[in-house]
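# Residue-level structure breakdown
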Amino acid sequence: MLAVLSRHLKCAAGSLGRAQARLGADTAGAIAIVFALCVPAFIGAAGVAVDLSQAYNVKVRLANALDKAALAAGSTDGTQAQIEERVQAFFDANYPSEKLGTPFDLAADLSVQGEVTVSASSRVDTTFMNILGLDHLNVSVAATVKRDVAGLEVVLVMDTTGSMSATAGGSQTKIDAAKQAATSLVTTLFGPNSNVPALWMGVVPFSQSVNIGPDRSSWTTSDSNHYGGGATWAGCVEARYSGGHDMDDSPPSDNLFPKYYNQCTNTSSNDWHRGTGTDLVTNGTFGSSSGWTMGANWAVSGGVLAKTWSTPVTVTNGDFTASTGWTLGTGWTVTGGVLSKTTTTTSSAVTRTPSSPAIVNGQSYQVTFTIVTRTAGSMRSSIGSVSGPTHSSPGTYTDIIVANANGATVGLNTADGFRGTVDNLVINTTSGTSSTPTTTLRSPSGSIVNGTQYIVTYTVVSRTNGSVRLSVGNVNGSWHSSAGTYTETLTGTSGGG
């Protein structure tokens, strides 16, 4: 019995082993099914990782650009708008448009004293996460820095040798152009402030000597050394080489400059000081002719010195005692001996046609009139379709107008709703010739000193023909034949005017 039972158990064990072998063989198919079910999840996770990696790269680039913009803002002094402009410029330079991500909401916060916080965000379009309904990611970064405007030392080395008196183009000399550029730099650095903390500026003249002006004798040493020059010091000094003071900024009260005489009276000598003394000309604004000796055909009129070879043009009732002959535009009346306008019509003219002589095409005319009162707008004279400059305050004005048609009308017109009164319209021709040059002169309030340099500035307001020049005594400046403001340096002679 036991033998039979043993044979049955062995048979059952064999069958179980074969079943287990078959089950082991079928496991490979089950894993494949599970793997197939997990593949989408694996791909989705990989896609999310790629999109998140892109977002991280954008955040790093955004942070890098913001760090640079914040540092620039922290070292900048200025208004909120100026600092924001600087932040934008630095951000754009370090995060160009072709970079991945679209930045937005760039801002600079200065609300905390002594700090600046710069923040921005960027949109990153997704690729794989878009399948899940998320088409973009936004990343944001902020950077905060302590504000500290660093110190700046600027030294201008200016060429002040004789060659700088040569023209730089037009009526401007090289030294004037250099001064204009230096002034622009100082204005940019200092802005509206006379002093800026941690900003220092100095000027080093590139010349053997520099002219500080003869009125600054207190800045200089005694006259014991003339260096072979003239007997009169004209304002030039040498560097303070003694004691090394040619390389420091100690004031003249501590260390004086040695006078320099040799060639300092030469007209080509530099004049860096450019006129810090007293204006010697009284009534140089030509408010009147008082003090001036007028040459032929010269006159002071309307606040300017004018020279004409004039033929008057008859303008009947130019003093507006009556309106006869005038064509009055909207709002104009002649009353009480003046031309009056009380309405704010945008554009309205008063005209008439002279006949003695008639207006000639191409002829230059001098038009003088007085704005007696003005409460609004501006006024200008006209000949035909050619208008003079606009004037918007009471006063007497002289305009030069070249006619562009024969028999044209003359008159006045409003530029922008003028209201006020006008009087005394006078017109003269201004072209012609003069048989000999004529001069207008005066003696200055202080005597001209022989060998001293004088800076003369004047404006040619208008010019129809010929040339003009300015003189100090018997020393003449350059001829000028076009409108403009001119500045020249002339060396005086004893007793000169």
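Refer to the structure above for everything that follows.
First things first, this report covers the structure right here in the doc. As the structure is a prediction and not an experimental result, all values here were calculated from the model. Throughout this document, residue positions are counted from 1 along each chain, in the order its sequence is written. Confidence filtering applies because this is a predicted model: local features only for residues at pLDDT of at least 70, side-chain atom pairs given and counted only at 80 or more, and all residues used for totals across whole chains, interfaces and linings. Derived side-chain values reflect all non-hydrogen atoms in the structure, with water molecules and hydrogen atoms excluded from consideration.

### Side note on the overall build of the protein
Within the protein one finds three helices and 26 strands. Here the protein holds 497 residues, and the buried ones make up 32% of them. Each accessible area is a Shrake-Rupley result for a 1.4 Å probe, and residues are judged covered by the shown protein chains and nothing else. As displayed, the protein has an accessible area near 27900 Å², and 55% of this comes from carbon and sulfur atoms. Numbering of helices and strands starts at the N terminus; helices are DSSP runs of H or I of at least 4 residues and strands are runs of E of at least 2. Classification of residues uses two cut-offs on accessible area relative to the type maximum, computed with a 1.4 Å probe and protein chains only: under 20% is buried, over 50% is exposed, and between them is partly exposed.

### Let's talk about a nonpolar patch on the surface
Patch rule: a residue counts if its relative accessible area is over 30% and it has no salt bridge; like charges are joined within 9 Å, and nonpolar side chains (Val, Leu, Ile, Met, Phe, Trp, Tyr) within 5 Å. Take a side-chain nitrogen of Lys or Arg and a carboxyl oxygen of Asp or Glu: if they are within 4 Å of each other, that pair is a salt bridge. A contiguous nonpolar surface patch, about 430 Å² in accessible area, is contributed by Val 50, Phe 128, Ile 131 and Leu 132. Inspection of the secondary structure puts Ile 131 in the loop between β2 (115-125) and β3 (136-146).

### Let's talk about the sheet that holds β2
Within a sheet, adjacent strands bond to each other through the backbone by hydrogen bonds, running parallel or antiparallel. Spatial strand order, β1-β2-β3: three strands in an open sheet with antiparallel pairing. Whereas interior strands pair on both sides, the edge strands pair on one side only; in this sheet they are β1 (102-109) and β3. Taking each pair of neighbouring strands and ignoring which way they run, the sheet shows an average axis angle of 15°. Bridge count between β1 and β2: six bridges; the pairing is antiparallel. Pairing of Ala 108 across the sheet is with Val 118, part of β2. A strand pair is defined by DSSP finding two or more bridges across the two strands. Only the stretch in contact is used when a helix axis is fitted, and all axes are lines through C-alpha atoms; the angle between N-to-C directions ranges over 0 to 180 degrees.

### Re the nonpolar core
The tendency in soluble globular proteins is for nonpolar side chains to be buried side by side. Buried residues of nine kinds, namely Ala, Val, Leu, Ile, Met, Phe, Trp, Tyr and Cys, make up a nonpolar core once their side-chain atoms join them within 4.5 Å. By size, the foremost hydrophobic cluster in this structure holds 24 residues, and its most contacted members are Phe 369, Met 379, Ile 383 and Leu 425. When contributions to this core are tallied by element, the ones reaching two or more residues are β17 (364-376), β18 (379-383), β20 (395-402), β21 (410-414) and β22 (419-429). Residues count as neighbours in contact if any of their non-hydrogen atoms are within 4.5 Å of one another. Apart from residues no more than four positions distant in its own chain, Phe 369 is found in contact with Met 379, Ser 381, His 391, Gly 395, Thr 396, Tyr 397, Asp 399, Leu 412, Val 422, Asp 423, Asn 424 and Leu 425. In terms of nonpolar packing, the next biggest core, distinct from the first, is built from 23 residues, Val 87, Tyr 95, Ala 108 and Val 145 among them.

### Here we look at the packing of aromatic side chains
The pairing test for Phe, Tyr and Trp rings, Trp by its six-membered ring, is centres within 6.5 Å, and the orientation test on the planes gives stacked under 30 degrees, edge-to-face over 60, and tilted for anything in between. Counting across every chain of the model gives four aromatic pairs. Between Phe 369 and Tyr 397, the ring centres sit 6.1 Å apart and the planes meet at 40°, which makes this aromatic pair tilted. Remark: Tyr 397 occurs in strand β20 and Phe 369 occurs in strand β17; sequence separation between them is 28 residues. Neither residue differs from the other here; Phe 369 and Tyr 397 are each classed as buried. For a ring to carry a charge above it, either NZ of a lysine or CZ of an arginine must fall within 6 Å of the ring centroid while also lying within 35 degrees of the normal to the ring plane. Seen from the ring of Trp 326, Arg 352 lies directly overhead, with NZ or CZ sitting 5.2 Å from the centre.

### What about the layout of surface pockets?
Here the second largest pocket is characterised by a volume of approximately 1000 Å³. For the second largest pocket, the lining is made up of 32 residues, of which Val 203, Val 204, Pro 205, Asp 248 and Phe 257 are closest to its centre. Looking at the lining of the second largest pocket, the elements with two or more residues in it are β4 (152-159), β7 (199-206) and β8 (210-211). Counting residues per element, the lining of the second largest pocket draws most heavily on β7, at six residues. Partitioned by chemical class, the residues of the lining of the second largest pocket number 17 nonpolar, eight polar and seven charged. Put plainly, a pocket is an open set of points on a 1 Å grid over the protein atoms alone with protein on both sides within 12 Å along at least five of seven lines, a cavity is a set where a 1.4 Å probe fits but cannot get out, and a lining residue has an atom within 4 Å of a point. Grid points are joined across faces, edges and corners, and a volume is the space filled by probe spheres set on the points. As a working rule, the residues Ala, Val, Leu, Ile, Met, Phe, Trp, Tyr, Cys and Pro are called nonpolar, Asp, Glu, Lys and Arg charged, and the rest polar, with Gly in that last group.

### Considerations on the sheet that holds strand β16 (residues 349-352)
The antiparallel open sheet is built from five strands, whose spatial order is β13-β16-β21-β18-β19. Here the strands that pair on one side only, and so sit at the sheet edges, are β13 (327-328) and β19 (386-387). Note that β18 and β21 share five bridges and pair antiparallel. Along β21, the bridge assignment pairs Ser 381 with Leu 412.

### Re the pairing of β18
If a strand is regular, its side chains alternate between the two faces of the sheet. The element β18 is extensively covered by neighbouring structure, given that four of its five residues are classed as buried. Pairing analysis gives two bridges linking β18 to β19, with the strands arranged antiparallel. Counted as the bridge partner of Ile 383 is Val 386 from β19. Following β18, the chain reverses through two residues before pairing antiparallel with β19; Gly 384 in that reversal takes a positive phi of roughly 60°.

### Some remarks on the pattern of salt bridges
Two side chains bearing opposite charge may form a pair once their charged atoms approach each other closely. According to the stated counting rule, one finds one salt bridge in the structure shown. Here Asp 125 ties to Arg 123 by a salt bridge, and the two come within 2.8 Å at their closest N and O atoms.

### Here's the deal with unusual backbone geometry
With a phi angle near 60°, Phe 320 is a residue other than glycine that sits in the positive phi range. With respect to the helices and strands, Phe 320 occurs in the loop between β12 (312-313) and β13.

### Observations concerning helix α3 (residues 174-190)
Its 17 residues place the ends of α3 24 Å apart at the C-alpha level, agreeing with the 24 Å of an ideal helix rising 1.5 Å per residue. Residues of α3 that are buried: Ile 175, Asp 176, Ala 178, Lys 179, Ala 182 and Phe 190. One face of α3 carries all of its buried residues, which in axial projection span an arc of 155°. When the buried face of α3 is taken as reference, the exposed residues oriented beyond 90 degrees from it are Gln 180 and Thr 188. The inward-facing, buried residues of α3 contact β4, β6 (172-173), β7 and β26 (484-491). Residue count minus one, scaled by 1.5 Å, sets the expected span of a helix. The arc in question is the one spanned by the directions pointing from the helix axis to the C-beta atoms.

### Observations concerning the side chain of Thr 368
Mapped onto the elements, Thr 368 comes out in strand β17. Within the structure, Thr 368 has its side chain in polar contact with the side chain of Thr 398 (distance 3.2 Å). Polar contact criterion, stated in full: a pair of N or O atoms within 3.5 Å, where within protein one must be able to donate a hydrogen and the other to accept it, and residues adjacent in sequence count only if both atoms are side-chain atoms.

### So, the environment of Asn 317
By secondary structure assignment, the location of Asn 317 is in the loop between β12 and β13. Accessibility expressed as a relative area gives 17% for Asn 317, which makes it buried. Between the C-alpha atom of Asn 317 and that of Leu 425, which follows or precedes it by 108 residues, the distance is 8.6 Å. Discounting residues that sit within four places of it in the chain, Asn 317 has contacts with Ala 322, Thr 324, Trp 326 and Arg 352.

### Things to note about the environment of Val 87
Tracing the backbone through its elements, the reader meets Val 87 in helix α2 (residues 80-94). Once residues lying within four places of it in the same chain are set aside, the contact partners of Val 87 are Ala 69, Ala 73, Leu 106, Ala 108 and Val 118.

### Here we look at α2
Here α2 contains 15 residues, and its C-alpha end-to-end distance of 21 Å stays within 8% of the 21 Å for a straight helix at 1.5 Å per residue. Listed as buried for α2 are Ile 83, Val 87 and Phe 91. The buried side chains of α2 occupy one side of the element, clustering within an arc of 70° when seen end-on. The exposed residues of α2 that point more than 90 degrees off its buried face are Ala 81, Glu 85 and Ala 93.

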